[in-house]
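Residue-level structure breakdown
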Amino acid sequence: MSDQTDKLKNMWQDARSNDYGQSVDTGNIITMAKQQMKKSIHLQLRTILILLITLMCLAAFFVNVAKLKETISHIGSGLMLGGLAVRIMIECISIYLSNKINLSETALKSNNASLAYFQFRKKINGPVTISIVLLYSIGFYMLSPEFSLYFSETVMIMMDLSYILIAVIFTWFIRMTIKKETNISNEILRIQNDLNSY
């Protein structure tokens, strides 16, 4: 977790353990929680940029270089491009939902917006992401029969095996991003719940 998240945690714990009846500096805590939310949005924007570049490169490859003829190849390329497009749309929806959260609003309003956002992200970071990666991988291997008409068996084996390595690296990157985002989200939700209990 980042230094800022640790600072936010320490600040909040200091405020909670204050036994002298002094008021909690909720404004400063809310400001720091908002900064954490911005950090989460920046992660999502970075993901959108990476996915958009990948989508454009793949689309250009399928249109200009590998002009596919077989139906199975068209389905495969559709799964790959469609998976990326769906994930981009999901990230855009996430940013929209996160912008609806106002940590300084009333507890009920703020909690409802936060819960909608965090539940949405939980679904996205779990089964939806796994499904998209699986469909993308299936789509990639659906291109193999047509590519095998143009490439030698050795090249095809290398291509198919190299995808496994790329998929492992990609999955690791996704897991790290999800872990980072989940830590930020959990911290924001915990602080918000604590603030609302005052």
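Remember, it's a predicted structure, so these values are computed and weren't measured experimentally.

Digging into the overall build of the chain
For the chain, the helix and strand inventory stands at 6 helices and 0 strands. When the helices and strands of the chain are listed from N to C terminus, the series reads α-α-α-α-α-α. Put simply, the chain has 198 residues, and 38% of those count as buried. Pairs at least 24 apart in sequence give 79% of the contacts found in the chain among residues at least 6 apart. Just so you have it, the chain exposes about 11,900 Å², and 66% of that area is on carbon and sulfur atoms.

Topic: the pattern of salt bridges
Under the defined criterion, the tally for this structure stands at 1 salt bridge. Between Arg 87 and Glu 91 there is a salt bridge, with its nearest N and O atoms 2.7 Å apart. In this pair, Arg 87 and Glu 91 are both assigned in helix H3 (residues 71–99), 4 residues apart and thus about one turn of the helix distant. Each of the two residues, Arg 87 as well as Glu 91, counts as buried.

Details of the side chain of Ser 144
In this fold, Ser 144 is placed in helix H5 (residues 144–147). Excluding anything up to four places from it in sequence, Ser 144 contacts Met 156 and Asp 160.

So, a nonpolar patch on the surface
Where nonpolar side chains cluster on the molecular surface, the patch consists of Ile 50, Phe 170, Trp 172, Phe 173 and Met 176 and spans about 470 Å² of accessible area. By the element assignment, Ile 50 lies in helix H2 (residues 26–65). Owing to a relative accessible area of 36%, Ile 50 belongs among the partly exposed residues under this scheme.

Focus on the packing of aromatic side chains
In this description, an aromatic ring pair is defined by two values, namely the gap between the centres and the angle between the planes. If you walk through the whole model with that rule in mind, you get 6 aromatic pairs. Aromatic side chains Phe 140 and Tyr 141 sit 5.2 Å apart centroid to centroid with 85° between the ring planes, which places their arrangement in the edge-to-face category. Residue Phe 140 is classed as buried on the basis of its relative accessible area, which comes to 16%. The structure contains a cluster of three or more aromatic residues connected by ring pairs, namely Tyr 136, Phe 140, Tyr 141 and Tyr 163.

What to know about the confidence of the model for the chain
Averaged over all residues, the pLDDT of the chain equals 76, while 69% of them reach at least 70. Contacts for the low-pLDDT stretch residues 15–24, under 50 throughout, to residues beyond four places or in other chains number 8 contacts.

About the criteria used
- Here the residue index of a chain counts from 1 through its sequence in written order.
- Side-chain atom pairs in this predicted model are given and counted only at pLDDT of 80 or more, local residue features only at pLDDT of at least 70, and totals for whole chains, interfaces and linings cover all residues.
- Values reported for side chains reflect all heavy atoms of the structure, with hydrogen atoms and water molecules removed beforehand.
- In this description a helix means any DSSP run of H or I spanning at least four residues, a strand means any run of E spanning at least two, and both kinds are numbered starting from the N terminus.
- Relative accessible area decides the class of each residue, using a 1.4 Å probe on protein chains only: under 20% of the type maximum gives buried, over 50% gives exposed, and in between gives partly exposed.
- Working rule for contacts: check all heavy atoms of both residues, and any pair within 4.5 Å makes them a contact.
- Methods summary: accessible areas were calculated by the Shrake-Rupley approach with a probe of 1.4 Å, and residue burial reflects only the protein chains presented.
- Between Lys or Arg on one side and Asp or Glu on the other, a salt bridge is scored when a side-chain nitrogen of the former is within 4 Å of a carboxyl oxygen of the latter.
- Each patch is assembled from residues with relative accessible area greater than 30% and no salt bridge, linking like charges that lie within 9 Å and nonpolar side chains (Val, Leu, Ile, Met, Phe, Trp, Tyr) that lie within 5 Å.
- Stacked, edge-to-face and tilted labels apply to pairs of Phe, Tyr and Trp rings (six-membered ring for Trp) whose centres lie within 6.5 Å, assigned for plane angles under 30 degrees, over 60, and everything in between, in that order.
- The score called pLDDT rates the predictor's confidence residue by residue, from a low of 0 to a high of 100.

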